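Read off the chains here:
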Amino acid sequence: MVILSGNTGVDSVVYQDILDQALVPFMRSTYGSAGVYVQDSAPAHVSKSTKRFLRNKGIECEEYPPESPDANPIELIWALMKRWIVNEHRPTNMDQLMEGAKLWWNNLCTLTLCRSVISG
């Protein structure tokens, strides 16, 4: 998980930089050539340059509709995280919100949870 703070706009260049720093090393070390990256159809995700970037890095990518938990597993994961943060962590400022997101992602977003979301 990468947390962007402030009014950071994410265009294709920023997105590809994030992918290069966070996703590419993780995908290679965790999945080798067997992993498939899933993203929604945000403009930075589906740009020609991002598609070319992923191809050049050897990463297979699958696109899902944006903000559609029934069709997109990562959107369901985000929805579960948001619900936990609001109902359990209850942040009152930005630092607590980021702390809650990191806590959920690192401790509660388990492999078992992800597999259950993917398998339906």
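Conventions adopted
- Residues numbered from 1 in each chain as written.
- Predicted model: local features only at pLDDT ≥ 70, side-chain atom pairs only at ≥ 80, totals over all residues.
- Heavy atoms only, no water.
- Helix = DSSP H or I, 4+ residues; strand = E, 2+ residues; numbered from the N terminus.
- Rg over C-alpha atoms; globule rule 2.2 N^0.38 Å.
- Contact = heavy atoms within 4.5 Å.
- Areas by Shrake-Rupley, 256 points an atom, 1.4 Å probe, with all protein chains shown as cover.
- Lys, Arg positive; Asp, Glu negative; His and termini not counted.
- Charge placed at Lys NZ, Arg CZ, Asp CG, Glu CD.
- Patch = residues over 30% accessible without salt bridge, like charges linked within 9 Å, V, L, I, M, F, W, Y side chains within 5 Å.
- Salt bridge = Lys/Arg side-chain N within 4 Å of Asp/Glu carboxyl O.
- Buried < 20%, exposed > 50% of the residue type's maximum accessible area, 1.4 Å probe, protein only.
- Pairing = 2+ DSSP bridges.
- Phe/Tyr/Trp six-rings, centres within 6.5 Å; stacked < 30°, edge-to-face > 60°.

As annotated in an unreviewed UniProt entry, the protein carries the name Tc1-like transposase DDE domain-containing protein and is attributed to Pristionchus entomophagus.

> What is the right way to look at the overall build of the protein in this model?
Within the protein one finds six helices and two strands. In the protein, the order of α-helices and β-strands from amino to carboxyl end is α-β-α-α-β-α-α-α. In terms of overall size, the protein behaves like a compact globule, its C-alpha atoms giving a radius of gyration of 15 Å where 120 residues would be expected to give roughly 14 Å. Expressed as lengths along the three principal axes of its C-alpha atoms, the size of the protein is roughly 40 × 35 × 25 Å. Restricting to contacts in the protein with at least 6 residues of sequence separation, those with at least 24 account for 57%. If you sum the accessible surface of the protein, you get close to 8,100 Å²; carbon and sulfur atoms cover 53% of it. Computed over 11 positive and 13 negative side-chain charges, the inter-centroid distance for the protein is 5 Å.

> Just to check I follow, could you spell out a nonpolar patch on the surface for this structure?
The grouping of Val2, Leu4 and Val10 at the surface amounts to a nonpolar patch, some 220 Å² of accessible area in total. Mapped onto the secondary structure, Leu4 falls in the segment before helix H1 (12–31). Judged by its relative accessible area of 39%, Leu4 is partly exposed.

> Any chance you could explain the pairing of strand E1 (residues 36–39) here in plain terms?
Moving residue by residue along a regular strand, the side chains alternate between the two faces of the sheet. With burial as the criterion, only one face of E1 is covered, namely that bearing Tyr37 and Gln39; the residues Val36 and Val38 on the opposite face remain uncovered. Relative to strand E2 (residues 60–63), E1 runs parallel, the two being bridged by four bridges. Pairing of Val36 across the sheet is with Glu60, part of E2.

> Which parts of the structure should I look at to understand the packing of aromatic side chains?
Both the distance between ring centres and the angle between the ring planes are used here to describe each pair of aromatic rings. Under the defined criterion, the tally for this structure stands at two aromatic pairs. Judged by centre distance (5.3 Å) and plane angle (25°), the rings of Trp78 and Trp105 are stacked. Taken together, the residues span a long stretch of sequence, with Trp78 in helix H4 (residues 73–89) and Trp105 in helix H5 (residues 94–108) at a distance of 27 residues. Aromatic side chains Trp104 and Trp105 sit 6.5 Å apart centroid to centroid with 45° between the ring planes, which places their arrangement in the tilted category. On the basis of relative accessible area, Trp104 is assigned to the buried category, the value being 4%. Trp105 sits in the partly exposed class, given a relative accessible area of 24%. Taken together, Trp78, Trp104 and Trp105 form an aromatic cluster joined through their ring pairs.

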